[in-house]
Amino acid sequence: MFNKILIANRGEIACRVAATCKRLGIASVGVYSDADANAKHVAACDEAVHIGGATAAESYLRFERIIAAARATGAQAVHPGYGFLSENEDFAQACAAAGIAFIGPPVEAIAAMGSKAAAKALMHAAAVPLVPGYHGDDQDAKLLLREADAIGYPVLLKASAGGGGKGMRVVERSEDFAAALASCKREAASSFGNDRVLIEKYLTRPRHVEVQVFADQQGGTVYLFDRDCSVQRRHQKVLEEAPAPGLTAELRRAMGEAAVAAARAVNYVGAGTVEFIMTGASNFYFMEMNTRLQVEHPVTEMVTGLDLVEWQLRVASGEPLPLTQTQLKLEGHAIEARIYAEHPARGFLPSTGTLKHLRMPEGVEFTVGSPGVPGSRAAVRIDSGVREGDTITPFYDPMIAKLIVHGATRAEALARMSRALRACEVVGPYTNVEFLQRIVNSEPFSSGDLDTGLIERHHAALFAPVKKPFREAVALACAALLTREGGTAHGASPWDALSHWRLNGGYTQTLAWRDVEDESAFAVTFARDGGVQTLEHDSQRDGFTWWSGTGAHEFGATIGDSHVTGRVFVDGDVFHVFCLGEALAFEWQNLLAHAADAEHGEGRLTAPMPGKVIAVLVEPGTVVEKGTPLIVMEAMKMEHTIGAPAAGTVSEVLYSVGDQVADGAQLLVLDVG
Ligand code: ADP
C-alpha cells in the first residue's frame, strides 16, 4: 500500500479521498488554486501545494504543476477524483512517465472509451448490447441518411467525441436529417475538434441505469451492482439511487455481467462505471463507460458497505480485489441528492456567493458505516467540500453537498431523504433544496416510475407555487426582530429603533416587511397591553408569545393556537426563517434607517446576478441622468446593462473591467440629486 498520495482535485471529492487516507493511515497531499487557499479540502489534507490561478486552466488542469507537486512532496501516487484530469489519457501517461502511480485505469482503457464510436465497436465485438444504430467510419452524408432511414425515426445524432450532453440532436423525420447532421457536425467540430458522428435509435422514456465495476491488476473483475440516475436536468444527474428500482435478480445479474464484459474488453483496472440506457422492463443497451470514480459512488458504498476509495487505493498499489463476486451483497436502499448553488426557477442558472449560514442534517461525513459499529450503515451521510463562511465561486462546479441516505427499503430511504432535506438550511446563494424536496415527494419519484424525462414532464407540478407556513414564519421573524431590537419576551424594553405609540400603559408597533421571494410588502402590528401580546396581519389578530431557544438562531412562538419552533438566521435586515421544513425570508423595512438613507441621497447599485464586468461607462464625478448606462456585466453569455436609478453624480466606481462580481455586490456609489 502507498504511504503518501497526492489528490489532484478540490471540493468534496478531494475531502472524500482524504477521509479514506486518514482512516488507512496514508498521508495525503492536496493541491489548491488562488481561489482555494482556505478551502476545506486544503484543511482536510495533511499538507497542500499551491498550483496556480483561480481558473481550472491555470491550476487543476496543469498537470506539470501537479506532477511537480507530487515529486516535491514524495507522493507515490495521484488520485484524480472526478472531472478535471480524471479521464485525461495524457495526464495518466505523464504520471507513468514520472514514475508516479495513477489511481485509475491504464492509459489504453481511457483512450478506448474516449471515443463513443470506437467504444461501441469494441462493445459490439464483446457482445455487449448496443442501441440499434450506426457507428461506422464512413461519414458520407448520403450513407448516414440511408442508415438513419433504416434505423427508423426518431433517431439521435451524437458527436463521437462528445460528452456532457453536448453535440446531440434528435431527428424526427427523414426530411430534417440533412440539416440536423450539418448542425451536429458544426457543434462537434467547434466543441470537441472532431466532427465524427454516430446515429442511434432515439429511445422514448428511457431510464439511465449504470453498473459499478471494479477490476484488479491480476485480471479479477467484479460488478458492485447498479444505480438508477434517471432524474436529470440538462442531461445532468440530480438524484441517484442504488439499487436501481424494479430490476429482477436475473436482469441485475445480466447487466452486471454485461458491464464486466465491457470492462474486460478494454483490460480495465480500477473503478469504472458502465452506463446503460434502459427501456421497458428489461431492455438495456451500452451507452458509455466512465473511467473514474463517479459523483454518485456513495449510494453504492451505502448498499454494499464498502469504501470504494479504499478499493481504488488497494488495486492501484497492486493488491487483488478484496472480495469476489459471490461475497458481494446488496443491503437496503440508498438515495443521493446533489445540493447545488443554483436557481431552479431560472433554468437552473448557477448561483454564487458566501455561505453565510449552512446547516446540514445530523449525519456522518464521508463515512460508510456508523463509527464504531461494525457492519452497520450510516442512516444519513453528508459529503461536502464547503463549510459555513466559504464562498461558492464562479470558477468551479457549484455543488454545496451530496446528501446520502440509507434505509432498509426504498420507502424508508425516501422518508429519510425527505426529512433530511427539510433540515438543510442555506443562506447565501440560491439552492435547489426546495426543488429536490418537491421531486422526492412527487408521485412519480416516490412510486419509482423513473425515466430521463421526469423533470421535464412534471415541470408544471414541480414548479407550482407551494403554500408555505407564512403566519408561523412571520411570527418567528417578528420574535427575532423584537429580540434583536432589545425586547425580551417578558420585560419592558427601550424599543429604540422601532416606532411605537404608548396607549394607556400598553403600546403598539407597526413592523413593515417585504417577502423576499415574491417581493410583496406587508405590515404586522405588534401590540402589548398589560400582559397580553398580539400580532395583527391582514385584519387577523392573534395572541402572540415568543421565546428564544438555547441553540444558535433558535426561536419558538405561539400564534393563535399554533405553536411553532424554528431557526431564524438574520443577515442585515433580512430574516431567514426555517420552520416546518420550509425556508422563508423577510426583509425588515427599517423605516427610520430608510429615511436617513434618503436624506443622505445615496443611490445603491448592485449586481443583479454573479458575473463579470465587461465595460465601465462612467468614472467618479460623471454626472448622469436617470437611466444612463453605467456598467455592463456579462453572465451566462448574456449582457446586462446597469443603468442609473436616478439622476446624480457618480462618486465611486468599485469594480473594473474583467472583475468577477458576486450576486448583490455593490458596483458603484451614486450621489443622487
Ligand atoms: P454524454 O457523454 O454527452 O453525457 P451520453 O451518451 O452519456 O452523452 O447520453 C447522455 C444522456 O442522453 C443519457 O443519460 C440519456 O438521458 C440521453 N440519451 C443518450 N442516448 C439516448 C438514446 N439513444 N435515446 C434516448 N436518450 C438518449
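As the structure is a computational prediction, the values presented were derived from the model and not from experiment. (Residues numbered from 1 in each chain as written. Predicted model: local features only at pLDDT ≥ 70, side-chain atom pairs only at ≥ 80, totals over all residues. Heavy atoms only, no water.)

1. Looking at the overall build of the protein
For step 1, the next point in the chain: From N to C terminus, the protein includes 18 helices and 41 strands.
For step 2, the next point in the chain: Oriented by its inertia axes, the alpha-carbon framework of the protein measures out at about 90 × 60 × 55 Å.
For step 3, the next point in the chain: Considering the protein as a whole, with its 673 residues, one finds that 53% of them fall into the buried category.
For step 4, the next point in the chain: Long-range pairs, those at least 24 residues apart, make up 61% of the contacts in the protein with a sequence separation of at least 6.
For step 5, the next point in the chain: For the protein, the computed accessible surface area is about 28300 Å², with 52% contributed by carbon and sulfur atoms. (Helix = DSSP H or I, 4+ residues; strand = E, 2+ residues; numbered from the N terminus. Buried < 20%, exposed > 50% of the residue type's maximum accessible area, 1.4 Å probe, protein only. Contact = heavy atoms within 4.5 Å. Areas by Shrake-Rupley, 256 points an atom, 1.4 Å probe, with all protein chains shown as cover.)

2. Focus on the site of the ligand
For step 1, the next point in the chain: Every one of the 20 residues lining the ligand counts as a neighbour, but Lys116, Lys158, Gly165, Glu200 and Leu203 are closest to it.
For step 2, the next point in the chain: Between the ligand and Lys158, the relevant distance is 2.8 Å, taken from an oxygen atom to a side-chain nitrogen or oxygen of the residue.
For step 3, the next point in the chain: Separating an oxygen atom of the ligand from a side-chain N or O atom of His208 is a distance of 3.2 Å.
For step 4, the next point in the chain: Against a free-state accessible area of 560 Å², the protein chains account for coverage of 93% of the ligand.
For step 5, the next point in the chain: Among the secondary structure elements, those contributing two or more residues to the shell around the ligand are strand S7 (155–159), strand S9 (197–201), strand S13 (270–279) and strand S14 (283–290).
For step 6, the next point in the chain: Partitioning the shell around the ligand into residue classes produces six nonpolar, seven polar and seven charged.
For step 7, the next point in the chain: Mapped onto the domain boundaries, the shell around the ligand takes at least three residues apiece from domain 2 (135–201) and domain 3 (207–462). (Near = heavy atom within 4 Å. Polar contact = N/O pair within 3.5 Å; in protein donor to acceptor, adjacent residues only side chain to side chain. Nonpolar A, V, L, I, M, F, W, Y, C, P; charged D, E, K, R; others polar. Domains from an automatic or database assignment.)

3. What to know about the sheet that holds strand S8 (residues 168–171)
For step 1, the next point in the chain: One open sheet holds the four strands; their spatial order is S6-S9-S7-S8, and the pairing between them is antiparallel. Edge positions in the sheet fall to strand S6 (133–134) and S8, since each of these pairs with one other strand and no more.
For step 2, the next point in the chain: Inspection of the sheet shows S6 paired to S9 by two bridges, in the antiparallel sense. Considered in S9, the bridge of Gly133 is made with Glu200.
For step 3, the next point in the chain: Packing of helix H6 (residues 116–125) onto the sheet brings it into contact with S7 and S9, and relative to S9 it is tilted by some 55°.
For step 4, the next point in the chain: Along the sheet face, helix H7 (residues 141–151) touches S6, S7 and S9 and points at about 15° away from the line of S9. (Pairing = 2+ DSSP bridges. Axes fitted to C-alpha atoms, helices over the stretch in contact; angles between N-to-C directions.)

4. Some points on the packing of aromatic side chains
For step 1, the next point in the chain: Enumeration over the complete set of coordinates arrives at 19 aromatic pairs.
For step 2, the next point in the chain: Ring geometry for Phe522 and Phe586: centres 5.7 Å apart, planes at 85°, overall edge-to-face. With Phe522 in strand S27 (residues 521–529) and Phe586 in strand S33 (residues 582–588), this residue pair connects regions lying 64 residues apart in the sequence. Comparing Phe522 with Phe586, the two get one shared label, buried.
For step 3, the next point in the chain: By way of ring pairs, the aromatic residues Phe470, Trp513, Phe522, Phe575 and Phe586 are connected into one cluster. (Phe/Tyr/Trp six-rings, centres within 6.5 Å; stacked < 30°, edge-to-face > 60°.)

5. Some thoughts on the pairing of S9
For step 1, the next point in the chain: Within S9, four of the five residues are buried, leaving the element largely enclosed by the surrounding structure.
For step 2, the next point in the chain: Two strands pair when backbone bridges link them, and S7 and S9 are joined in this way by five bridges, in the antiparallel orientation. Paired with Ala159 across the bridge in S9 is Val197.

6. Brief notes about the environment of Pro350
For step 1, the next point in the chain: With respect to the helices, strands and loops of the structure, Pro350 is situated in strand S17 (residues 349–350).
For step 2, the next point in the chain: A residue is classified by how much of its surface remains accessible, and Pro350, at 33% relative accessible area, is partly exposed.
For step 3, the next point in the chain: Each C-alpha atom of the pair Pro350 and Gly531 lies 49 Å from the other, and the pair is 181 residues apart in sequence.

7. Considering helix H12 (residues 410–422)
For step 1, the next point in the chain: Given a rise of 1.5 Å per residue, 13 residues ought to cover 18 Å, and the 18 Å separating the end C-alpha atoms of H12 matches this to within 8%.
For step 2, the next point in the chain: Against the buried residues of H12 lie strand S12 (236–242), strand S15 (333–340), strand S23 (399–407), helix H13 (433–440) and helix H14 (443–446). (Expected span 1.5 Å × (residues − 1).)

8. A word on helix H9 (residues 249–265)
The periodicity of an α-helix, 3.6 residues per turn, causes residues three or four positions apart to be oriented the same way.
For step 1, the next point in the chain: With 17 residues, H9 should reach 24 Å at 1.5 Å per residue; the first-to-last C-alpha distance of 24 Å fits that figure.
For step 2, the next point in the chain: Those residues of H9 that are buried lie in contact with helix H5 (107–114), H6, strand S10 (207–215), strand S11 (221–233), S13 and S14.

9. Notes on the pattern of salt bridges
For step 1, the next point in the chain: Counting across every chain of the model gives 44 salt bridges.
For step 2, the next point in the chain: Of the charged contacts, one joins Glu296 and Arg338 as a salt bridge, the two residues approaching to 3.1 Å between their closest N and O atoms. Remark: Arg338 occurs in strand S15 and Glu296 occurs in the loop between S14 and helix H10 (297–304); sequence separation between them is 42 residues. Here Glu296 matches Arg338 in class, with each residue buried.
For step 3, the next point in the chain: Here Arg387 and Asp390 are joined by a salt bridge, their closest N and O atoms 3.1 Å apart.
For step 4, the next point in the chain: With a relative accessible area of 29%, Arg387 lands in the partly exposed category.
For step 5, the next point in the chain: When its relative accessible area of 15% is taken as the criterion, Asp390 is described as buried.
For step 6, the next point in the chain: Several salt bridges share partner residues, and in doing so they unite Arg16, Arg23, Glu301, Asp307, Glu310, Arg314, Glu319, Arg381 and Asp383 into one network. (Salt bridge = Lys/Arg side-chain N within 4 Å of Asp/Glu carboxyl O.)

10. What to know about the confidence of the model for the protein
For step 1, the next point in the chain: On average, residues of the protein carry a pLDDT of 90, and 93% of them reach 70 or more.
For step 2, the next point in the chain: Every residue in residues 488–503 is under pLDDT 50, and counting partners more than four places away or in other chains gives 41 contacts. (pLDDT = per-residue confidence, 0-100.)

11. Thoughts on the side chain of Lys116
For step 1, the next point in the chain: Within the fold, Lys116 resides in helix H6.
For step 2, the next point in the chain: Residue Lys116 is classed as buried on the basis of its relative accessible area, which comes to 14%.
For step 3, the next point in the chain: Apart from the residues lying within four places of it in its own chain, the contact partners of Lys116 are Lys158, Ala159, Ser160, Gly162, Leu198 and Glu288.

12. Here's the deal with the nonpolar core
For step 1, the next point in the chain: Ranked by internal contacts, the top residues of the largest apolar core, which has 60 residues, are Ile5, Phe214, Met255, Phe276 and Phe286.
For step 2, the next point in the chain: The element best represented in this core is H9, accounting for seven residues.
For step 3, the next point in the chain: Mapping this core onto the domain boundaries places at least three of its residues in each of domain 1 (4–103) and domain 3 (207–462).
For step 4, the next point in the chain: Among all residues touching Ile5, those that are not within four sequence positions of it are Val17, Cys21, Ile26, Ala27, Ser28, Val29, Ala75, Ala77, His79, Ile103 and Leu313.
For step 5, the next point in the chain: Residues Ala341, Leu358, Val380 and Ile392 belong to the second largest nonpolar core, which totals 36 residues. (Core = buried A, V, L, I, M, F, W, Y, C linked by side-chain atoms within 4.5 Å.)

13. Here we look at the sheet that holds strand S1 (residues 4–7)
For step 1, the next point in the chain: Sheet architecture is open: five strands sit in the order S3-S2-S1-S4-S5, paired in parallel fashion. Bordering the open sheet on either side are strand S3 (47–52) and strand S5 (101–102), each of which pairs with just one other strand.
For step 2, the next point in the chain: Contacts between helix H1 (residues 11–24) and the sheet are confined to S1, strand S2 (27–33) and strand S4 (77–79), with S1 contributing the most and set at about 170° to the helix.

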